[in-house]
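Take a look at the letters that make up each chain.
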Amino acid sequence: MESRKKMDKRLIDNQLFWPLFALAVLLVFDFFYLKGFFQIEIVEGHLYGSLIDIVNRATPLMFMSIGMTLVIASGGIDISVGSVLAISGAITAIMIGGDLVFVDGVQHHVAHYPMAVAILVALVAAVVGGLWNGLLIAKLGVNAMVGTLILLVAGRGIAQLIVDGNVITVYYEPFFYIGSGFFLGLPFSIYLVAAFLALIMWLVKKTAFGLFLEALGSNRVSSRFTGLNVQKIMWACYAISGLCAGIAGIIVASEVKSADANNAGLFIELDAILSVVLGGNSMAGGRFSVIGSVIGALVVQTLTTTIYAVGVPPEVTMVVKALVVIVIYLIQSQMGMKTLKTPAASAGEGALKAGEAKS
Amino acid sequence: MKNLQINSKFVPLLITIGLFLALFAAGSVSYEGFFSMQVVLNLLVDNAFLIIVGLSQALVIILGGIDLSCGALIALSSMVAAYSLSHLNLHPALAVLAVLIVCSAFGFVQGWLITYRKFQPFIATLCGMFVARGLCFMINQDTVPITDPFFVTMATTRIKLIPGAAISTSVIIALVIVALYIYIAHFTKFGRAVYAIGGNEQSARLMGLPVDRTKVLAYTLSGFTSGLAGIVFCFYMLSAYGLNAMALEMDAIAAAVIGGTLMTGGVGFVIGSVFGVMIEGIMQTLITFQGDLNSWWTRIAVAFLLCVFIVVQRVLVLKREAKKRIRPVEFIA
């Protein structure tokens, strides 16, 4: 038991080292090249500064990377998260909406439905989206990318139908608190991420779920033979991923005070996957680190903010992100090839993947 | 036994063709003016570039991979063409050549990463998509019009087939490429190797097929074809913009799947993609004729069809596998 713990610890240390290193490199660069990057001011009792801004902006991505980690750990992938984000944002925006009402000459913003109900409906819709993915992938055994592709294509259409093609603006003050409010000097959304992360960490570290998930991702067939309910675990992963996307959608809608079904969360699935890969997780499934992915999300956001701040056209971010993934993958595959002596055993699903064998 | 296998191979394709005819019949009955040659030809005119990438997508999927970069490569090709015509004042032929070289290079690098560096095709082509879109904006962030006389002539020329029905030059290009692809996929060593690798890469390797070379070549061909589609796209739009052909790769994948190509690789017909595209097109036309439906219904309808076809495929595969081995079905996935 003792030795296993030590080994686990070493592995986690190992896995978190690179994302932290990448983050440190970016921050050091920012420290030298961007003036006042580390400055944190207190304005009206709130902390302001680039660092706070990065964490705040990264919250939707952090949520999605948490969900994506679980899905990727199970050996799948969920590319529908961007569309689910759009759906959840659209539902919240249209249900809260907000009318301008004058009571005794004073402006009041009134929500169409109570905010709690709107948020609940949006989250339920997001979880249903996740369960739909689960149905296709866990139950029917469709390839994960293809299965989630359906919701990716349909989701945006559904979101557009909900908002009827308009950008819905929300006029309801309390709703903005989620995305841009401050609590004890820090943005409120940071607390949301922290709470959710704690919940997921408890789930994967203190319950058997994490162990089952790792087993499932490493080898589906033998997990099945061991008596694990493989399908149930997969359903859970996709449902959690949907939930994460739903929460992210609400945060985004609250941040920009509107819902744009066309552009909300466009390409965010790629950022989420990038975060997971940056977090040192193998795309082949198996061993995973949720914390690593959250750090990965921070790296992605820091990278984006840095590129904006340096003054390079923002579109270059795409090229840089792509090159980063390629480099990481090259390292992963190099390491994999060293340990994996047999050539090219990666045919078909569930086969030995290079990245997996690096331990 | 052999007869049976061929039958099940043709089933998705036949369903697709039947569905296309059914949709067309439904449209003809419901809407005035739907039953005309021009409606059918317009499907080709408006989707020529999609047909072209649908073909290459089908071939890559048959290989057991996927190519997500094709939409971005189309945007990049139009940008490269516009840039080399307007800024570098290149001859149109050279501009076309430049486009094809750039796109083939993209395809080659992706193929190399996938084959020799063991990237997942999904990741490698996703990176390619990012780089291509990023490059578009690095060349120019605005819409660039294409005013070159050759491109304009190609774009505006209409060839009359019968009175009242005409096609554009793009359609002819697309049809030539369809013929080429059918030849490549079904009548060459390369095509047979692609099917073999998609069926089982390891067996293909053990059989002595040039697996690595075929894979790199297939992705290079896919890049090259995306370049061709990009040029046809130029003829269609006569302008270039970095966000053009957004999410086109999804339409191409959907076309291939609806056309009966199995996502697991090894099974399918490139010609199926043409019908896949035609079905997507005819649904768009139906929704336009209907008039009071939002265009977003098209996406939902495409997704629905995609879903149905994937489930049908899955059932077919499960049945076949169940026949082959005495093993509980749920272990196979």
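Because the structure is a prediction, the values reported are computed rather than measured.

Turning our attention to a nonpolar patch on the surface. Residues and elements named next belong to chain A. Side chains of V28, F29, F31, F32, Y33, F38, V310 and V312 sit close together on the surface and give an oily, nonpolar patch of about 800 Å² of accessible area. The leading source of residues in the nonpolar patch is helix α1 (residues 2–33), at 5 residues. Residue V28 is classed as partly exposed on the basis of its relative accessible area of 44%.

Once that is clear, we can look at the packing of helix α7 (residues 169–187) of chain B against helix α8 (residues 189–199) of chain B. Residue and element names in this part refer to chain B. For the pair α7 and α8, interaxial distance at closest approach is 5 Å and the crossing angle is 65°. Compared by their axis directions, α7 and α8 come out roughly perpendicular. Along its contact with α7, which presents I184, A185 and H186, the element α8 presents F190, G191, R192 and Y195. Tallied by class, residues from the contact of α7 with α8 come to 4 nonpolar, 2 polar and 1 charged.

Another point: the packing of helix α11 (residues 248–258) of chain B against helix α12 (residues 270–290) of chain B. Residues and elements named next belong to chain B. Orientation of α11 relative to α12, taken along the N-to-C sense of each, is 115°, at an axis distance of 7 Å. Taken as a pair, α11 and α12 cross one another with a handedness that is right-handed. Each of D251, A254, A255, A256 and I258 in α11 lies in contact with α12, whose residues at this interface are G272, S273, G276, V277, I279 and E280. Per-class residue counts for the contact of α11 with α12 are 6 nonpolar, 3 polar and 2 charged.

Another aspect to go through is the environment of K257(A). Residue and element names in this part refer to chain A. Checked against the element boundaries, K257 lands in the loop between α10 (230–256) and β8 (258–259). Using a relative accessible area of 33% as the deciding quantity, one classes K257 as partly exposed. As for K257 and A93, which are separated by 164 residues in sequence, their C-alpha atoms are 8.2 Å apart. Apart from residues no more than four positions distant in its own chain, K257 is found in contact with I168, T169, V170, F176 and S180.

It is worth spelling out the pattern of salt bridges at this point. What the rule picks out here adds up to 4 salt bridges over all chains. Notably, a salt bridge pairs D53(A) with R57(A), separated by 3.1 Å at the nearest N-O pair. Residue D53(A) and its partner R57(A) are located together in helix α2 (residues 50–73), separated by 4 residues, close to a single helical turn. For D53(A), a relative accessible area of 31% puts it in the partly exposed group. Residue E201(B) pairs with R205(B) through a salt bridge whose shortest N-O separation is 3.3 Å. Of the two residues, E201(B) and R205(B) both sit in helix α9 (residues 201–206), 4 residues apart, roughly one turn of that helix. For E201(B), a relative accessible area of 13% puts it in the buried group. Through salt bridges with shared partners, one network takes in E201(B), R205(B), D212(B) and K215(B).

Glancing now at the environment of A22(A). Residue and element names in this part refer to chain A. Inspection of the secondary structure assignment puts A22 in helix α1. Look at A22 and you get partly exposed, because its relative accessible area is 25%. A22 sits 175 residues away from L197 along the chain, and the two C-alpha atoms are 21 Å apart.

The next point concerns helix α7 (residues 188–206) of chain A. All names here are of chain A. Helix length check: α7, at 19 residues, gives a terminal C-alpha distance of 27 Å against a target of 27 Å (1.5 Å per residue), a fit within 8%. Among all positions in α7, only S189, I190, V193, F196, L197, I200 and V204 are buried. An end-on view of α7 places all buried positions within 130° of arc, on one side of the element.

Residues and elements named next belong to chain B. Across chain B, pLDDT averages 87, with 95% of residues at or above 70. Within chain B, helix α1 (residues 2–30) has the poorest average pLDDT of any element, 78, and helix α10 (residues 211–237) the best, 95. Predicted complex, confidence summary: ipTM 0.76, pTM 0.81.

Turning our eyes to something else, we now look at unusual backbone geometry. The phi torsion of most residues other than glycine is negative, and most of the peptide bonds are trans. All names here are of chain B. In the Ramachandran plot, N89 falls in the positive-phi region, its phi being about 50° despite a non-glycine side chain. Of note, N89 is situated in the loop between α3 (70–86) and α4 (92–116). Even without being glycine, L238 reaches a positive phi, approximately 55°. Along the polypeptide, L238 turns up in the loop between α10 and β4 (239–240).

How each quantity is defined
- Residues numbered from 1 in each chain as written.
- Chains lettered and ligands numbered in written order.
- Predicted model: local features only at pLDDT ≥ 70, side-chain atom pairs only at ≥ 80, totals over all residues.
- Heavy atoms only, no water.
- Patch = residues over 30% accessible without salt bridge, like charges linked within 9 Å, V, L, I, M, F, W, Y side chains within 5 Å.
- Areas by Shrake-Rupley, 256 points an atom, 1.4 Å probe, with all protein chains shown as cover.
- Salt bridge = Lys/Arg side-chain N within 4 Å of Asp/Glu carboxyl O.
- Helix = DSSP H or I, 4+ residues; strand = E, 2+ residues; numbered from the N terminus.
- Buried < 20%, exposed > 50% of the residue type's maximum accessible area, 1.4 Å probe, protein only.
- Axes fitted to C-alpha atoms, helices over the stretch in contact; angles between N-to-C directions.
- Parallel < 35°, antiparallel > 145°, perpendicular 65-115°, else oblique.
- Contact = heavy atoms within 4.5 Å.
- Nonpolar A, V, L, I, M, F, W, Y, C, P; charged D, E, K, R; others polar.
- Left-handed = near helix turned anticlockwise from the far one by under 90°.
- Expected span 1.5 Å × (residues − 1).
- Arc of directions from axis to C-beta.
- pLDDT = per-residue confidence, 0-100.

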